[in-house]
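# A look at the structure
Chain by chain, the residues run as shown.
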Amino acid sequence: MLSLLRPRLVSARLAPRLSRVACYSSLTENDLAHFAKFLPPTSIISTFPPYSSSADELLPFNDDWMGRFHGMSSTVLRPKTTQQVSQILKWCNERRIPVVPQGGNTGLVGGSVPIKDELIISLSNMNNIRSFDPISGVLVADAGCILQSLTDHIAPHDHIMPVDLGAKGSCQIGGNVATNAGGLRLLRYGSLHGTVLGLEVVLADGTVLDQLTTLRKDNTGYDLKQLFIGSEGTLGIITAVSILTPPAPEASNNLILALPSFSNVLPLYQIVKRQLSEILSAFEYIDRTAYNLAVKHGQGRALSDDEVEGAECFVLVETSGGHREHDEEKLSHLLESLFESDTSLINTGVLSQSPAQFSSIWALREGVTEAVSKEGKAYKYDISVPLASFKDVVDGVREHLRSKGLLHDKAVKHVIGYGHVGDGNLHLNVVADAYLPEIQDALEPYVYEVVSSLRGSISAEHGIGAAKTHALSYSKSVVAIELMRKIKTVFDPHGIMNPGKVLEL
């Protein structure tokens, strides 16, 4: 998560660039009259007459969910069918009207809200589940289906979604795919690049690309769907998804371990992988400050005060398997071997004994984000770096801020790290008393330079959006960025699809 900028800063910085693109047209009442020919009044929210919606009605679409990115769109269209999306884009392409596709609007990098006054196309009305095959586990659904709704739909068939996110109650599957969302299940089930079997996409000119296959094997040339996974709506609008869902585990367990030193995390990970093998589904890292903040702000208390004494960091391990007794035996053996080892990697550990305790342990890890928001204003970086570098990166940023005289209660209060050890994803959070330009200047490009020096990624799972376009070169070469621009031109020659996102204007 690149630092989330101060309110209105992203729009203010990028809007002039959008204005300079002479080929773009602004939406007019005549355009709305055209859309009204095939969209019902309930599918149009606009400040233009005859709709005359209030600005407040548009706020949930113009502002991101954290209130840090702000657009100025006058109109939201909410089509119900792929054909309606096609008609909208065909008209917009001909008229050179820029558009922003929007799902649940739960992103953290400003990718789903306008930079200026682009037309918003919300997929929220496209929420039909087209089919589910309990034999193969293949689910086909409209892009606007909420992730939790899909989870609930397939649960009676003993299947789960391969992606699990904190925002599952409001994020939509189309947005998940468009941003290649990661989440807590990636270690076990892989990324959406592997679990998505097919897509239905409407291109910028209104052409419908039907690649909605349910086949697991299809070796017939270029795999076009991969271009749209993670493209953030810059190449087309995903209207339907075919996704492979795994069987629900018969048994799930978790435990939380207190470690005396970060240097023990990697040896512990090796042991856990070896002993738990096929049932390991999560290995999450939480540093001591992040743990303390979660406890302070009521996100749970997985360990007693005595148990956390002397701990520098914590690890949450989850297993998902097909036989409870077998899994519990493996976990018990793991804990015994850790406690009896000559080289003590852990201070203590707690294995969940009930569904309530299982949920409580996860609540602590998932609650870190909410705890950070309660503690102050967060500059968030979602980065991929080598596992051994997690603590060095966090400590380095803290000392860099200290050297700038910014580590105090009226500037930066905490620098914390937590994340997914299983896939090398560190969430670096700088918690400040307020958003200040001097903090922003101290963090950037410093953090990007650190990531680049480690051959890491400036975005592990949250995407580029509007916030990171200027930093793309820290993770992508000149050759790669130029190829990305060429691909963008092929699919969207007039540049109407989510302009200013992923690639700079």
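On a predicted model such as this, the values are computed, not experimentally measured, just so you know.

Moving on, we come to the packing of aromatic side chains. Under the defined criterion, the tally for this structure stands at 9 aromatic pairs. Ring geometry for Y285 versus F390: centroids 6.1 Å apart, planes at 55 degrees, classification tilted. With Y285 in strand β11 (residues 280-287) and F390 in helix α16 (residues 390-403), this pair connects stretches of sequence that are 105 residues apart. You'll find Y285 and F390 in the same group, each marked buried.

At a minimum axis distance of 8 Å, the contact between helix α11 (residues 288-296) and helix α15 (residues 368-375) shows a crossing angle of 80 degrees. With respect to α15, the axis of α11 lies roughly perpendicular. Touching A290, L293, A294 and K296 of α11 are V368, A371 and E375, all from α15. For the contact of α11 with α15, the residue count by class is 5 nonpolar, no polar and 2 charged.

Moving on: the sheet that holds strand β3 (residues 99-102). Pairing within the open sheet is mixed, and its 4 strands lie in the order β1-β2-β4-β3. Strand pairing shows two members of the sheet lacking a second neighbour, β1 (44-46) and β3, which therefore form its edges. Looking at each pair of strands side by side, their axes are set apart by 20 degrees on average, direction ignored. Bridge count between strand β2 (residues 75-77) and strand β4 (residues 119-122): 2 bridges; the pairing is parallel. Within β4, the residue paired with V76 across the bridge is I120.

In this section: the pattern of salt bridges. Under the criterion given, the structure shown has 15 salt bridges. Between E278 and K330 there is a salt bridge, with the nearest N and O atoms lying 3.3 Å from each other. Within this pair, whereas E278 is found in the loop between α10 (265-276) and β11, its partner K330 is found in helix α13 (residues 324-340), the two being separated by 52 residues in sequence. Residue classification places E278 among the partly exposed residues on the basis of a relative accessible area of 44%. Two residues, R398 and D395, come together in a salt bridge whose shortest N-O distance is 2.9 Å.

Turning our eyes to something else, we now look at the confidence of the model for the protein chain. Parts of the prediction with low pLDDT should not have their coordinates interpreted in detail. Per-residue confidence for the protein chain averages 92 on the pLDDT scale, and 96% of its residues sit at or above 70. Residue range residues 1-12 is modelled with pLDDT below 50. Its contacts to residues more than four positions away, or to other chains, number 53 contacts.

What follows is about the state of the cysteines. The tally for this structure, following the rule as stated, stands at 0 disulfides. Among the cysteines around C171, which has no disulfide bond, C145 carries the closest sulfur, lying 12 Å off. The exposure class of C171 is buried, given its relative accessible area of 2%.

Attention shifts here to the environment of L443. Tracing the backbone through its elements, the reader meets L443 in helix α17 (residues 437-443). Each C-alpha atom, one on L443 and one on H400, is 8.5 Å from the other, the two residues being 43 residues apart in sequence. If we skip the residues at most four places from it in the chain, L443 touches Y379, Y381, V397, L401 and V430.

Conventions used here
- Residues numbered from 1 in each chain as written.
- Predicted model: local features only at pLDDT ≥ 70, side-chain atom pairs only at ≥ 80, totals over all residues.
- Heavy atoms only, no water.
- Phe/Tyr/Trp six-rings, centres within 6.5 Å; stacked < 30°, edge-to-face > 60°.
- Helix = DSSP H or I, 4+ residues; strand = E, 2+ residues; numbered from the N terminus.
- Buried < 20%, exposed > 50% of the residue type's maximum accessible area, 1.4 Å probe, protein only.
- Axes fitted to C-alpha atoms, helices over the stretch in contact; angles between N-to-C directions.
- Parallel < 35°, antiparallel > 145°, perpendicular 65-115°, else oblique.
- Contact = heavy atoms within 4.5 Å.
- Nonpolar A, V, L, I, M, F, W, Y, C, P; charged D, E, K, R; others polar.
- Pairing = 2+ DSSP bridges.
- Salt bridge = Lys/Arg side-chain N within 4 Å of Asp/Glu carboxyl O.
- pLDDT = per-residue confidence, 0-100.
- Disulfide = S-S within 2.5 Å.

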